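# Observations on chain architecture
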2 protein chains.
Amino acid sequence: MSITQNLTTSISSSSSSFLAPSSFNSRRQNVSLPAKRVGVCKCVATPQEQEVQTAYKTKVSRNANIAKLQAGYLFPEIARRRSAHLLKYPDAKVISLGIGDTTEPIPEVITSAMAKKAHALSTIEGYSGYGAEQGEKPLRSAIASTFYSHLDIEVDDIFVSDGAKCDISRLQMVFGSNVKMAVQDPSYPAYVDSSVIMGQTGPYQKDVEKYGNIEYMRCNPENGFFPDLSAISRPDVIFFCSPNNPTGAAATREQLIQLVQYAQDNGSIIVYDSAYAMYISGDNPRSIYEIPGAKEVAIETSSFSKYAGFTGVRLGWTVVPKQLLYSDGFPVAKDFNRIVCTSFNGSSNISQAGGLACLSPEGLQAMQEVIGFYKENTNIIVDTFESLGFKVYGGKNAPYVWVHFPGRSSWDVFSEILEKTHVVTTPGSGFGPGGEGFVRVSAFGHRENILEACRRFKQLYK
Amino acid sequence: MSITQNLTTSISSSSSSFLAPSSFNSRRQNVSLPAKRVGVCKCVATPQEQEVQTAYKTKVSRNANIAKLQAGYLFPEIARRRSAHLLKYPDAKVISLGIGDTTEPIPEVITSAMAKKAHALSTIEGYSGYGAEQGEKPLRSAIASTFYSHLDIEVDDIFVSDGAKCDISRLQMVFGSNVKMAVQDPSYPAYVDSSVIMGQTGPYQKDVEKYGNIEYMRCNPENGFFPDLSAISRPDVIFFCSPNNPTGAAATREQLIQLVQYAQDNGSIIVYDSAYAMYISGDNPRSIYEIPGAKEVAIETSSFSKYAGFTGVRLGWTVVPKQLLYSDGFPVAKDFNRIVCTSFNGSSNISQAGGLACLSPEGLQAMQEVIGFYKENTNIIVDTFESLGFKVYGGKNAPYVWVHFPGRSSWDVFSEILEKTHVVTTPGSGFGPGGEGFVRVSAFGHRENILEACRRFKQLYK
């Protein structure tokens, strides 16, 4: 993509336009940022700032929940800053270790299956139209037997989707506006943003950098990245990601037993995001359903994105066990199914053919190799920062390295690294106030880029 | 798919489970139905009906908005009845003219492009990960130049999606719960159902077969399938589908001028569903933006599903012009972009490669041929019912034939046709109370099936 294309795309996105006056049109300012609280950016345009002043306006009021959202969604915002940096340094060889985007080719056994399915669609026998909204039966079966064998998850508990991020929003639609949620702090921003959009939260509180009516469960080195559950007030829904994005921490069996016990005691529902489970090296659980009793309190969402390089192909799944019941005894799965049938029409049949190939013996082997490659990248990054004297977390069970810059603003560090090394990372505070002082370095990249980025880090921080 | 598979899928869906006690487990009842108000089915299971009585329940309350929904989403419900019919008549050659699912192979020029993209994903140069959430620039450009040339719609007004149905829900998320909507009655059920889910409506009112706080704009032969806009109280959002699903009526230029004028006068936003625009034979507008002033009041959503047989491939788009403003002057497009970035991650890159091929000169030609084929089917169905003395609507500008059975329950007619001819249609009342007395016959089918279905119709109604 050329720079110009990048920019046009950027300009068309709300996040970028929001920020245009403060940092996009001004070459002087560019990627340098106010010192504090910048993950947040007070940049939702107010009506007066709009260019169109005398234009016709409808009489429809803007959705007040969306108006609560701060700045743009994190990753488009980072893409925008990357583009701005390229404008400033057109010849820079920018390396992106920011948004966690896979870079390695999809194994041929998988792409061949997708190509074959595509070709079949132009034959009478091979053509298929609408599939089941819940996904094709063979794929649901393969997911059940690959990831949930002996865990008593049934095929019809599994809903195939176009990705975990999309399912998170659909789950929020299921829960509606009258639930109170808890999230790990820091955490993947889609949990909080989708909660705000659904109207579950109060306004954003600038002083604490949190939305009202969300329990932010601090996860930091001091507590081993597992929250003090006794310190939170009862949430209806607990979003919990393990291995965690961004910290890279994988919860232990003991921790997950504690989590499930908390949910049982408090009647909460866990939404367990296991999108990085295949990166686990140790014996940490790969599914929440390894914990006894989890089926009665937990939903699990996962994805092919980081296993098979399907970030662009789009395929994931969500498990909603039929044993999970609302307080009136109504199964959550029935409402999720209703949302899936009303708001979604199934994943692309070509992507599903790819998913099925992923779960063949050859596909699994090939995925393991790609994951192994990224894990080697992770080791290189961990070694680099450790050799420079940084405290580094994550990495072992996840493709993310969580580097501590004690006492510094993570947006400042992000800008420093970008400005001085042309490497894009992700500022920890973009994942919540608990991420302040950290930067997430993604291990998704070609080997030569990882090595080059690490050389530059060594130059900068030697 | 085998019958057993069909059933398993069915059983796993909430709609079917909802209905299980009344019509699924009982062979006697099967597809026969209570005489009236059956599009509605009083079959949302109450807690007492749940099988799991003594099981653990969470303390999370069920979303009251979802609880308002009546029965299952229409099309899974029809699929369920089809499966039940197959159980009763295992040897029947069932012909499906129900859910409007495309049946003809996708032209080779399009599938080749998708296969090529799939293969490219296993090369270093051809691999791509996350794309822009709004879609790839070349596809957005091609949509703009193909469908909106000279209509002053810009590339960044176009958001590529995984289908119009999915975008309808995303649009409802944008609007939130405090808007009042209007729909054509009858209409595609996703408009109303997504409104209920978002909490825009009151409870379902059994006596009138409508949800509270929705304006149902009756469209019938008497008003030429265009609503009397002077009879409705001001809605914030007007869902308007033309060519219409299910009636097949395409609004005239004069009617659309009236609609846009109404929106301007009342400050309403039109969501214009043009998913069947390429089926228009006459000079009816193919886009709402052909009407002067529409950009300030209208969103348009459309799809490759019925043009290229992409019902399973999943690709559509939505146009949100930057000129469309909320009452406070904030652009709707910025909030839609935010939802797209938070709740979606772009359409599959393979599907997008297919979309780009659709809009090449060869692709457009090939799509026109497929559409032409379905339009011939439509003529055969129209001729059949007219020869039997029925009043028939639609068909000319849409792949749907809207057959009038005056004074009869459309679910009764649906069951009669299924029972006696093994042909699946769609009961008009499934699209709203205004559809009562009609049945929708879809023209999507292999030619021999259309001909065979018409032979059976002639036998039944001779």
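Look up: the structure comes first, before these words.
Here goes a summary of the coordinates provided. Keep in mind that what you see is a predicted model, and the values were worked out from it rather than measured. (Residues numbered from 1 in each chain as written. Chains lettered and ligands numbered in written order. Predicted model: local features only at pLDDT ≥ 70, side-chain atom pairs only at ≥ 80, totals over all residues. Heavy atoms only, no water.)

### Focus: the pairing of strand β12 (residues 400–404) of chain A
Residues and elements named next belong to chain A. Among the five residues that make up β12, five are buried, leaving the element largely enclosed by the rest of the structure. Of the two faces of β12, the one lined by Tyr-400, Trp-402 and His-404 and the one lined by Val-401 and Val-403 are each fully buried. Looking at chain direction, strand β11 (residues 392–394) and β12 are connected through three bridges and run antiparallel. If you follow Val-392 over to β12, its bridge partner there is Val-403. Hairpin connection between β11 and β12: a loop of five residues separates the two successive antiparallel strands, and Gly-395 in this loop has a positive phi of roughly 85°. Bridge analysis of β12 against strand β15 (residues 438–442) gives five bridges, and the strand direction is antiparallel. Bridge assignment links Tyr-400 to a residue of β15, and that residue is Ser-442. (Buried < 20%, exposed > 50% of the residue type's maximum accessible area, 1.4 Å probe, protein only. Helix = DSSP H or I, 4+ residues; strand = E, 2+ residues; numbered from the N terminus. Pairing = 2+ DSSP bridges.)

### A look at the packing of helix α5 (residues 108–120) of chain A against helix α12 (residues 349–358) of chain A
Residues and elements named next belong to chain A. Remark: α5 packs on α12, axes separated minimally by 8 Å, with the N-to-C direction vectors making an angle of 145°. Here α5 and α12 pass one another in a crossing that is right-handed. When α5 is examined against α12, the residues Val-109, Ile-110, Ala-113, Met-114, Lys-117 and Ala-118 are found in contact with a partner set consisting of Asn-349, Ile-350, Ser-351, Ala-353, Gly-354, Ala-357 and Cys-358. Along the lines of polarity and charge, the residues of the contact of α5 with α12 split into nine nonpolar, three polar and one charged. (Axes fitted to C-alpha atoms, helices over the stretch in contact; angles between N-to-C directions. Left-handed = near helix turned anticlockwise from the far one by under 90°. Contact = heavy atoms within 4.5 Å. Nonpolar A, V, L, I, M, F, W, Y, C, P; charged D, E, K, R; others polar.)

### Remarks on the pairing of strand β3 (residues 181–185) of chain A
Residue and element names in this part refer to chain A. Most of β3 sits inside the fold, with five of its five residues counted as buried. As judged from the five bridges shared by β3 and strand β6 (residues 214–218), these two strands associate in the parallel manner. Bridge pairing in β6 links Asp-185 to Arg-218. Of the pairings in the sheet, the one linking β3 to strand β7 (residues 237–241) comprises three bridges and is parallel in character. Across the sheet, the residue bridging to Val-183 is Phe-239, located in β7.

### Focus on the nonpolar core
Side chains that are nonpolar tend, in soluble globular proteins, to be buried together. Counting 122 residues, the largest nonpolar core has Ile143(A), Tyr148(A), Phe310(A), Ile143(B), Tyr148(B) and Phe310(B) as its most contacted members. The contacts of Tyr148(A), once residues within four sequence positions are left out, are Ile143(A), Ile153(A), Ile158(A), Ser287(A), Tyr289(A), Glu300(A), Trp317(A) and Val319(A). (Core = buried A, V, L, I, M, F, W, Y, C linked by side-chain atoms within 4.5 Å.)

### Remarks on helix α15 (residues 447–461) of chain B
One full turn of an α-helix is made of 3.6 residues, so residues set three or four places apart face in the same direction. Residues and elements named next belong to chain B. In this model α15 runs 21 Å from its N-terminal to its C-terminal C-alpha over 15 residues, within 8% of the 21 Å that 1.5 Å per residue would give. Inspection of α15 places Asn-449, Ile-450, Ala-453, Cys-454, Arg-456, Phe-457 and Tyr-461 among the buried residues, and these make up the whole buried set. The arc that holds every buried residue of α15, seen down its axis, measures 160°, which confines them to one face. Residues of α15 that are exposed and angled more than 90 degrees away from the buried face: Glu-448, Arg-455 and Gln-459. Summarising the contacts, the buried residues of α15 are in contact with β1 (95–96), α13 (361–387), α14 (410–421), β13 (423–424) and β15 (438–442). (Expected span 1.5 Å × (residues − 1). Arc of directions from axis to C-beta.)

The values are spatial; any link to function lies outside them.
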